[in-house]
Amino acid sequence: MASTDATAKDTGDLAGLEAGLDALDTVQTSRTPLRRTLVGKVLPPVTAVALVLLVWQVLVWAKVAPDYKLPSPTAVWEEVRTAWFQGTLLDYIWTSVSRGLLGFLLALAIGTPLGLLVARVTFVRAAIGPILSGLQSLPSVAWVPPAVLWLGLNNSMMYAVILLGAVPSIANGLVSGIDQVPPLFLRAGRNLGATGLQGTRHILMPAALPGYLAGLKQGWAFSWRSLMAAEIIASSPDLGVGLGQLLENGRNNASMSQVFLAIFLILLVGIAIDLLIFSPLERRVLRSRGLLAKG
């Protein structure tokens, strides 16, 4: 009788455990209510922006600095309106964004195989690993003068500066992600026949994805900063006017409202790329690993 009761109890425990696991695996198909989305994701940044504008305007009213040093929000807005009606606002943005994205894609194509090579080949890691770390810590602006002397004032110079700034970050991010892959995953993959390129594609890269994605984010940040440094220092009619050149033009014209406009546009592009590309990728990776609640 006692044995029967114990068996029934074990069966009940197993059933409860299975029910709990099923509940964890259940995908929530209901959509998040619009009000919850607005309150949780839209309201906080809008509130932060409103507070910054309010503090800014209070400082202007308090005359903490002359108008030519601290323009009002309305003065910067007038710069936005002027650039918009002249048809140059989107040109400023597109000139820099197109360069930045193309340069980042080139850095991705170079940094990914380089990171795999450094992570998997001991001799290459010993030879190149410290150099990559050193290049990653080198300020991007340091590459602008030699790039101008080597390549001249053209788009090739811009892309060279972006590559020198972004490739080390992407490669090091992938190396860090691969170093964190449990050896058990690799042995299991080999036992299942996933060796060589198949093992890299189906085992190594998916397991290293969180670190790789962190390297991609940092690589984009370096790409964008490198491009802004190049556009500020190197100017030519053939290069067009990007956001960095707009910032430099504001300084040359002693127009702080134009300087603020360029700074805000540079910041806006950086935030937009993160929200539209990297944040969704991060959420997808974390959710696939059970580290983020569905819904």
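No experiment lies behind these values; they were computed from the predicted model shown.

**Side note on the pattern of salt bridges**
No. 1: A complete count under the given rule lists six salt bridges for this structure.
No. 2: The closest approach of N and O atoms between Asp-179 and Arg-125, which form a salt bridge, is 2.5 Å. Placement of the pair is Asp-179 in helix α7 (residues 155-179) and Arg-125 in helix α5 (residues 122-137), with a sequence separation of 54 residues.
No. 3: We classify Asp-179 as partly exposed; its relative accessible area is 42%.

**Concerning the side chain of Ser-96**
No. 1: Note that Ser-96 resides in helix α4 (residues 89-120).
No. 2: A residue is classified by how much of its surface remains accessible, and Ser-96, at 0% relative accessible area, is buried.
No. 3: In terms of polar contacts, Ser-96 uses its side chain to reach the side chain of Glu-231, at 2.9 Å.
No. 4: Of note is the side chain of Ser-96, whose polar atom sits 2.8 Å from the backbone nitrogen of Leu-243.
No. 5: If near-sequence neighbours (up to four positions away) are discounted, Ser-96 is found in contact with Trp-224, Leu-227, Met-228, Glu-231, Gly-242, Leu-243 and Gly-244.

**Some remarks on the side chain of Ser-72**
No. 1: Relative to the helices and strands, Ser-72 is located in the loop between α2 (34-61) and α3 (73-86).
No. 2: A distance of 2.8 Å separates polar atoms of two side chains, one belonging to Ser-72 and the other to Thr-74.

**Overview of the packing of α5 against α7**
To describe two helices that pack against each other, one gives the angle between their axes and the distance between the axes.
No. 1: For the pair α5 and α7, interaxial distance at closest approach is 9 Å and the crossing angle is 125 degrees. One way to sum up the angle between α5 and α7 is to call them oblique. The hand of the α5/α7 crossing is left-handed. Contacts between α5 and α7 pair Arg-125, Leu-132, Ser-133, Leu-135 and Gln-136 from the former with Pro-168, Ser-169, Ala-171, Asn-172, Val-175 and Asp-179 from the latter.

Calculation notes
Residues numbered from 1 in each chain as written. Predicted model: local features only at pLDDT ≥ 70, side-chain atom pairs only at ≥ 80, totals over all residues. Heavy atoms only, no water. Salt bridge = Lys/Arg side-chain N within 4 Å of Asp/Glu carboxyl O. Helix = DSSP H or I, 4+ residues; strand = E, 2+ residues; numbered from the N terminus. Buried < 20%, exposed > 50% of the residue type's maximum accessible area, 1.4 Å probe, protein only. Polar contact = N/O pair within 3.5 Å; in protein donor to acceptor, adjacent residues only side chain to side chain. Contact = heavy atoms within 4.5 Å. Axes fitted to C-alpha atoms, helices over the stretch in contact; angles between N-to-C directions. Parallel < 35°, antiparallel > 145°, perpendicular 65-115°, else oblique. Left-handed = near helix turned anticlockwise from the far one by under 90°.

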